[in-house]
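One letter stands for each residue in the lines below.
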Amino acid sequence: MRRTCLLAACALAGLGAGCERATASKPGTAGVVMARVNGVEISARDTAGMPSLDKIIERELLVQKALAVGLDRDPAVAQALDDTRRERLAQAYLERAAAQGAGSSPEEVRRFYADNPALFGERRIYRLSELAVSAPAELIDGLRAEAARVRELDGLAAWLRSRKARFSAANLTQPAEQLPLSQLPQLARMKKGDIAVFATPLGASVVQLVHAERAPLSAQQAAPVIEKFLAARKRMELAAAEVRRLRESARIEYAGDVKR
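Residues numbered from 1 in each chain as written. Predicted model: local features only at pLDDT ≥ 70, side-chain atom pairs only at ≥ 80, totals over all residues. Heavy atoms only, no water.

Per the secondary structure count, the protein includes eight helices and six strands. When the helices and strands of the protein are read in sequence order from the N terminus, they spell out α-β-β-α-α-α-β-α-α-β-α-β-β-α. Residues classed as buried in the protein amount to 30% of the 260 residues present. Excluding contacts between residues fewer than 6 apart, the proportion of contacts in the protein whose partners are at least 24 apart in sequence is 70%. (Helix = DSSP H or I, 4+ residues; strand = E, 2+ residues; numbered from the N terminus. Buried < 20%, exposed > 50% of the residue type's maximum accessible area, 1.4 Å probe, protein only. Contact = heavy atoms within 4.5 Å.)

Okay, here's the thing in structure tokens:
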């Protein structure tokens, strides 16, 4: 259950990290010199993404020392630098390719709102008790049967202990958008005290509904979040399509017994 769906991540994407940045916010200031380190100028452009000017100065001091002792000529360091450069180039190309047509129409936004009532028009805030279980599939089948029989998580916890299964217990209060989308339909049907077992990559999440409070979002309130989610999803789809296109048009030869 400790997973945040992509929708919530998109909703938070525009929030700052909460720490002071050294970047210049006014137009035309990118080339302004902010400091000099042994004669090397640091401009506002160089500060992008860094937490403070002092951190940039310290990095420049370390870089200068590394160059002075010839670390850029060390084979391992040179390979790492080249790997980073190639990774950045590949990422930059994908971002540019995926930016084309990543917008969403008003109709797409309206349709997504209508298709996901549990996230918006019928949105709830859930209070849950959870057992996060790490176990093989055969034990999870038995857990489902036991969950249909008992009425309390304590009984399921005792059942798991008797089988030496690993699990952890927690109490959660989460809005619908912070829960896995696949779980929302069943959670929306549950009544107070009901127990559900959801599959997870490591085993299962067993939850008991303690309370559910209605907290709907109007179409207008939800629109900015939906637009960000749809744009992110389209960028991922476009990037995947571009990689497939490049592979199909390229001549790729595997050498010897290299596994594909």
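In terms of strand pairing, strand β3 (residues 124-134) meets strand β6 (residues 203-214) through eleven bridges, oriented antiparallel. For Glu 130, the partnering residue across the bridge sits in β6 and is Val 207. Sheet topology note: the strand β5 (residues 195-200)/β6 ladder contains six bridges and is antiparallel. Following the sheet pairing, Phe 198 is matched in β6 by Ser 205. Between β5 and β6, which pair antiparallel one after the other, the connecting turn spans two residues. (Pairing = 2+ DSSP bridges.)

On to the nonpolar core, then. With 21 residues, the main nonpolar core has Tyr 126, Leu 184, Leu 187 and Ile 226 as its most contacted residues. Sorting the residues of this core by element identifies α4 (106-115), β3, α7 (184-189), β5, β6 and α8 (219-249) as the ones contributing at least two each. Not counting the four nearest positions on each side in its chain, Ile 226 is found in contact with Val 109, Phe 112, Tyr 113 and Phe 120. (Core = buried A, V, L, I, M, F, W, Y, C linked by side-chain atoms within 4.5 Å.)

Moving on, we get to the packing of aromatic side chains. Scanning all chains against the criterion turns up three aromatic pairs. For the pair Tyr 113 and Phe 120, a centre-to-centre distance of 5.4 Å together with 20° between the ring planes defines the contact as stacked. Looking at Phe 120, the relative accessible area reads 2%, which means it is buried. Within the aromatic cluster, the residues linked to one another by ring pairs are Phe 112, Tyr 113, Phe 120 and Phe 229. (Phe/Tyr/Trp six-rings, centres within 6.5 Å; stacked < 30°, edge-to-face > 60°.)

Glancing now at the packing of α4 against α8. Each pair of packed helices can be described by the angle between their axes along with the distance between the axes. Running from N to C, α4 and α8 cross one another at 105°; their axes reach a closest spacing of 9 Å. Looking at the two axes, α4 sits roughly perpendicular to α8. The residues of α8 that touch α4, namely those facing Glu 108, Val 109, Phe 112 and Tyr 113, are Ala 219, Ala 222, Ala 223, Ile 226, Glu 227, Phe 229, Leu 230, Arg 233 and Lys 234. Grouping the amino acids of the contact of α4 with α8 by side-chain chemistry returns nine nonpolar, no polar and four charged. (Axes fitted to C-alpha atoms, helices over the stretch in contact; angles between N-to-C directions. Parallel < 35°, antiparallel > 145°, perpendicular 65-115°, else oblique. Nonpolar A, V, L, I, M, F, W, Y, C, P; charged D, E, K, R; others polar.)

With that settled, consider the confidence of the model for the protein. On average, residues of the protein score 86 in pLDDT, and 87% of them reach the 70 mark or higher. Ranking the elements of the protein by mean pLDDT puts helix α1 (residues 6-12) last, at 40, and β3 first, at 96. Taken together, the stretch residues 2-25 has pLDDT below 50 and engages in 46 contacts with residues farther than four places along the chain or on a different chain. (pLDDT = per-residue confidence, 0-100.)

Further remarks concern the pattern of salt bridges. Oppositely charged side chains are able to pair whenever their charged atoms sit close together. For the structure on display, the rule yields seven salt bridges. Note that Glu 108 is salt-bridged to Lys 234, the shortest N-O span being 3.0 Å. Of the two residues, Glu 108 sits in helix α4 while Lys 234 sits in helix α8, which places them 126 residues apart along the sequence. A salt bridge links Glu 146 to Arg 149; its shortest N-O distance comes to 2.4 Å. Of this pair, Glu 146 and Arg 149 both sit in helix α5 (residues 137-149), three residues apart, roughly one helical turn. (Salt bridge = Lys/Arg side-chain N within 4 Å of Asp/Glu carboxyl O.)

Attention shifts here to the sheet that holds strand β4 (residues 166-175). Across the sheet, which stays open at both edges, the four strands sit in the order β4-β3-β6-β5 with antiparallel pairing between neighbours. Two strands close off the open sheet at either side, each with one partner strand: β4 and β5. On average, each strand axis in the sheet is tilted by 25° relative to the strand beside it, whichever way the strands run. Running at roughly 165° to β5, α5 makes contact with β3, β5 and β6 of the sheet.

This brings us to unusual backbone geometry. Even without a glycine there, the phi angle at Asn 38 is positive, about 50°. Here Asn 38 is to be found in the loop between β1 (33-37) and β2 (40-43). Although it is not a glycine, Lys 164 sits at a positive phi angle of roughly 55°. By the element assignment, Lys 164 lies in the loop between α6 (153-162) and β4.

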